[in-house]
Structures are given as structure tokens and as C-alpha cells.
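Chains, contacts and geometry: an overview
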Amino acid sequence: MTHTGHATQFRYAAQHKPNQLIYGNGQTAVITGWTVKQAIAKHLQPSEYAVIGQLYSPTRGINLLIRNLLLNPHVRYLLVINATKEDQNAGASQCLLDFFRNGIEENLSDTGRKSWVIRSTIPGYIDIDIDINALEKLRHAVEVEEAKSISEAVEKIKSYAQKPAIAPWGIPLEFPMSTVEPTVLPGTRYGHRIEGKTIAETWVKIIHRIKTTGTIRPTGYDGKWQELIDLMAVVTDEPADFYFPEPNYLPIDKSFLEEYISQILDDSPHREGVKYTYGQRLRSWFGRDQIEQVIQKLIGEIDAASAVMTLWDVKDHEKGGSPCLNHIWLRVVDNELSLTATLRSNDMFAAWPANAMGLRALQKHIRDEIAQRSEYDLKMGPLITLSQSAHIYDDTWSNAEQLIQEQYAAICSKLDYADPAGNFLIEIAEGQIVVTHTTPGSGEIVGCYSGKNALKLIREICAASPAIRPDHAAYLGMELQKAANCIKIDKPYVQDQ
Ligand SMILES: O=c1ccn([C@H]2C[C@H](O)[C@@H](COP(=O)(O)O)O2)c(=O)[nH]1
């Protein structure tokens, strides 16, 4: 603290997310929620606030925010902005207000860790290593208010700034924080294909793949993430009313989804402090309704390979906060409509399930509109997402580990043995192993291999059908070796026996 004339100048020191904050030298911390922090800062002088920062998630953000506040006891006012639909959906601002109003109790977090749980209908946690007395002191020392709009927030912050400076409520407090670096298995970095019947099932496989083989890298947001580049997820059979597992292990539920779908399907006017919505980019941003364009395009030319919608604006390079979802493409093959979406950057743990369900709703909307307006009664084809940076942030690593532990084995055990690459029938004829390759389902013969050396044969098969599933190739290798042994000892060979 330094004294300059009558004015008291404070300096906010952040240990967590230091580069994500706007610093001032007043006594009010401004939590903007999902409203862009610059939209508030531009109406204020630095002397009027201590710090301005966004808060997206109750489970991920509040703990770090509280740690920063404990380090800055000169903060005596807290203004929480709860202005947008996104804030209501995420519940972070509400949960933070509940911390100050209702306090905490010792309990287990969603990952089963002993934590301080905020007394709120929205789950929010604070590390148990933080002294309860410090938390209680903070709760009572800071005057907290909520604002429902930018103008209301600015007015309140300015009125706090009129008040004479107050002494800090104590000395800065710091509490230890434990971090565990995950073990990363070797694997391909670029280009991954993951398929599942439902979004829920595909999600578990995606999380497993990134968590086990993703590269650990710094994020642009003062932290780390684990990343794979160009991860293609193919969801084949998501039902029309969406599959939510029971108990629901997804990070979203049906009521969140209803709100979220409108962010993709419906236009929304530009509002100060709100970055963009996908609906706005699709419906009006470029002066065209691109969803309508695509419906018209396919009705006019059902085989078109140009049913494209774009969300990236070349001007996006000039400003921060560009859309993550960039390109959507629809295609009709065999009377089924597939949708492929490219996302430049994708938080696969927290955002992908909502992104995928929202896109599935868009695919369904386009299918239904085409059916209503033309003679094409298309089936729903797969939903394909191509996530270019497919990442999991470090603050959800423990949730990801827990998901893998609880769900991955069960999902793998449900694998059916039908490989889209086809079937291979193995026999012995005239002292040779003979392998016949047939199509899945109809069983048409599409290839034949013969020889005595099992390793040579499996290599030939894998080279000719590189999309063969790894478990299928391993099974064939074993069967071929059994057949080779039978030839050696002159015994009959029967596949699978
Ligand atoms: O629909 C969305 C919107 C955002 N994000 C994630 C991707 C990034 O982790 C972060 C956005 O950061 P930038 O790439 O814009 O810095 O949010 C998604 O996964 N899906």
C-alpha cells in the first residue's frame, strides 16, 4: 500500500490466472462472469477498482478467485455481474454470491475429494487446505453486491469508489496448492478417429484418448492442457431425444441443453459485453441466413458437396474472442444426411458434449425442414466433429480421470465385434492357410490371401485393409498362428476353436 496525497493506492497481486485480469488500485474486485471484462473496464478509471476478471465456472473458477482474494485483503467490495444467459446456464456468479451469503461446509467434491462445499444449489468447491477461519473472515470482511447489467455494475462500482479508503481486513494469506503431473503414454499426435453410437459413449472414448496420449502444453490462459491435434469424432446413432446416461455422467443435462440449442439455432442481436453466439453467426452476421441457404441448396441439388456454413469472419483476427466453431458441412449419401463440423479449438471435457448435442439439433432441424419442403425424407446420418485443438484443461484432469475410471471399461465391454472393415474366414487347403475377406453383413467375397507364414499373412491383410480394427487384427494374428501350427503338426484347423 502506498500513500499519494489523500488518495490511498493499493496494488492487487494475483497468484492465479495473473494474465487474465485487469488491474487497478482501488478496493473493489469486479467479477464480470461471462460478460467480457473490457466492456466494464472501459467505463471505469483504474482508481475505481482493484481488479476486473471473468468467472466462467463454479467448479473451476471460484477456488482460484478465493485464493487470490485471500492474498489481497485490501479488497473490501466485491461486485458480481450476473447479466447474461451464459451466466445463468453456468451458475458461477450465483454460486459465488452464495459463498458470501451462505458460507461453506465440509463435504466431498464431484471427484470425491474432501473439500469446502459452497452452500448453494449450484456445485462449487474450495480446497480443504484453506483455513476455515480465513474463509470466514473473508466472507464477513467484504461487502458483496450483484449487478444484472453493465450500467448497474458501473454505477455501483463508482459509488464504492467515492467512499474513503478502508484498511485491509488482515494480512495477505497464501495456502499451499497441490498439482499432479499426469503420466502420458506414447501415441500419435496428429489425426485421430474415434467412433461411438451416442455422444455420451463417444465422449468417454475421446476423454480417454486425450488423457492417456495427449501432449501437455501451456494454454493461452495461465495454465496447462493436454492436447491432441485433429481429433475426428463420429457419432453414429444419437437418438432424436438425446441419450443422457443414468446416472448422468455428462457435464450437461436436458434443461441446459434446451437453452444451449437456441444459442446455435436462433439469431440473437449483438449486445455489449457478449462475444458472439453461433446462432448469430449462422443466421445474420454475414447478411445471410446460412441455415436457410443450406436447406435450399440441398433441396435444389441433393448431391451438392457445397452445403457449407461458415462462422469464421476474416475480421476475427483483429479482435479476441473469435468463434471456436468455424465450419459446418452437410452431405447426403444413400438417403442419409450427415453433418461435419470443424472446431479450431475445443474443450473436450467441458464443452464438447454441449457442442455435439447442439450440432445434432442443427442437423435434425435441417433434415426436418428438407423433409417438410421437398420429397426428400432423409434419414439422420452420423454427426462428425473435427476438433483441431482437442484439449482437456488441467483444472478438469481429475474429473477426466474419474470419468475414465468409472465409465471406460464398461463402454469397451459393450464393443460389438462387427468390424466395418469386414470379416476374414480362415481355413487350411492343400497345406496352405487360406483367408477369405468378406463384406460385413452381406458376406460378399472381396479378397483372398494364402500362405504358410502367419506374420506375413497378417501384414498383408493389414496393408490391404488398413482400417481394420486393432482388436480384430490381433485376433486374426492369433488365429493365423494357430492355423500355421496345425499345418506343422498335421492337425485339422477350425477357426475360433
Ligand atoms: O463452443 C465452444 C466455445 C469455446 N470452447 C473452448 C475452446 C477453448 O478451450 C476456449 C476458447 O478459447 P480461445 O481459443 O477462444 O482462446 O473455449 C469450446 O470448446 N467450444
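Residues numbered from 1 in each chain as written. Predicted model: local features only at pLDDT ≥ 70, side-chain atom pairs only at ≥ 80, totals over all residues. Heavy atoms only, no water.

A few words on the pattern of salt bridges. Evaluation of the coordinates by the stated rule reveals 28 salt bridges. The salt bridge involving Glu201 is made with Lys205; its shortest N-O contact spans 3.3 Å. One end of the pair is Glu201 and the other is Lys205, both in helix H7 (residues 199-213) and 4 residues apart, which spans about a single turn. (Salt bridge = Lys/Arg side-chain N within 4 Å of Asp/Glu carboxyl O. Helix = DSSP H or I, 4+ residues; strand = E, 2+ residues; numbered from the N terminus.)

Along its sequence, the protein is carved into domain 1 (2-161), domain 2 (190-406) and domain 3 (423-488). For the domain 1 face of the interface with domain 2, the top three residues by lost area are Arg60, Asn89 and Thr111, together amounting to 36%. Across the domain 1-domain 2 interface, the total number found is 3 salt bridges. Across the pair Lys42 and Glu272 runs a salt bridge, and its minimum N-O distance is 3.3 Å. (Domains from an automatic or database assignment. Buried area = accessible area lost by both parts, 1.4 Å probe.)

This paragraph deals with the pairing of strand E18 (residues 423-429). In this structure, E18 lies alongside strand E19 (residues 432-438), joined through 7 bridges in antiparallel fashion. In the strand pairing of E19, Ile426 is matched with Val435. The turn joining E18 and E19, which pair antiparallel and follow one another in sequence, is formed by 2 residues; a positive phi near 50 degrees is taken by Glu430. (Pairing = 2+ DSSP bridges.)

Here we come to the packing of aromatic side chains. Counted under the stated rule, the structure contains 9 aromatic pairs. Each ring, one from Trp203 and one from Tyr249, has its centre 6.4 Å from the other, and the planes form 10 degrees; the classification is stacked. Remark: Tyr249 occurs in the loop between strand E13 (224-235) and helix H8 (254-265) and Trp203 occurs in helix H7; sequence separation between them is 46 residues. Each member of the pair, Trp203 as well as Tyr249, is classed as buried. Summarising the aromatic geometry, the rings of Tyr276 and Tyr278 are spaced 5.4 Å apart at their centres and angled 40 degrees between planes, so their arrangement reads as tilted. Residue Tyr276 is classed as buried on the basis of its relative accessible area of 16%. For Tyr278, a relative accessible area of 9% corresponds to the buried category. Cluster of aromatic residues (ring-pair linked, three or more members): Trp203, Tyr249 and Phe349. Sitting over the ring of Trp397, Lys211 keeps its end group 5.2 Å from the ring centre. (Phe/Tyr/Trp six-rings, centres within 6.5 Å; stacked < 30°, edge-to-face > 60°. Buried < 20%, exposed > 50% of the residue type's maximum accessible area, 1.4 Å probe, protein only. Lys NZ or Arg CZ within 6 Å of the ring centre and 35° of its normal.)

Helix H4 (residues 92-102) packs onto helix H2 (residues 58-70) with a crossing angle of 45 degrees between their chain directions and a minimal axis gap of 10 Å. By the angle between their directions, the pair H2 and H4 is classed as oblique. Of the two elements, H2 crosses H4, and the hand of that crossing is right-handed. Residues Pro58, Ile62, Leu65, Ile66 and Leu69 of H2 touch H4, and the partners they reach there are Ala92, Cys95, Leu96, Phe99 and Phe100. Residues belonging to the contact of H2 with H4 are distributed by class as follows: 10 nonpolar, no polar and no charged. (Axes fitted to C-alpha atoms, helices over the stretch in contact; angles between N-to-C directions. Parallel < 35°, antiparallel > 145°, perpendicular 65-115°, else oblique. Left-handed = near helix turned anticlockwise from the far one by under 90°. Contact = heavy atoms within 4.5 Å. Nonpolar A, V, L, I, M, F, W, Y, C, P; charged D, E, K, R; others polar.)

Right, let's talk about the environment of Leu325 for a bit. Here Leu325 lies in strand E15 (residues 325-333). The sequence separation of Leu325 and Thr342 amounts to 17 residues, and the corresponding C-alpha distance is 6.2 Å. Excluding residues that lie within four positions of it along the chain, Leu325 makes contacts with Tyr278, Leu311, Ala341, Thr342, Leu343 and Leu359.

The sites that carry the UniProt feature "domain: Thymidylate synthase/dCMP hydroxymethylase" (unreviewed entry) are, in the present numbering, residues 274-409. Helix makes up 40% of residues 274-409 and strand 29%, whereas the separation of the span's terminal C-alpha atoms amounts to 41 Å. (UniProt positions renumbered as here; feature names shortened; annotations may be inferred.)

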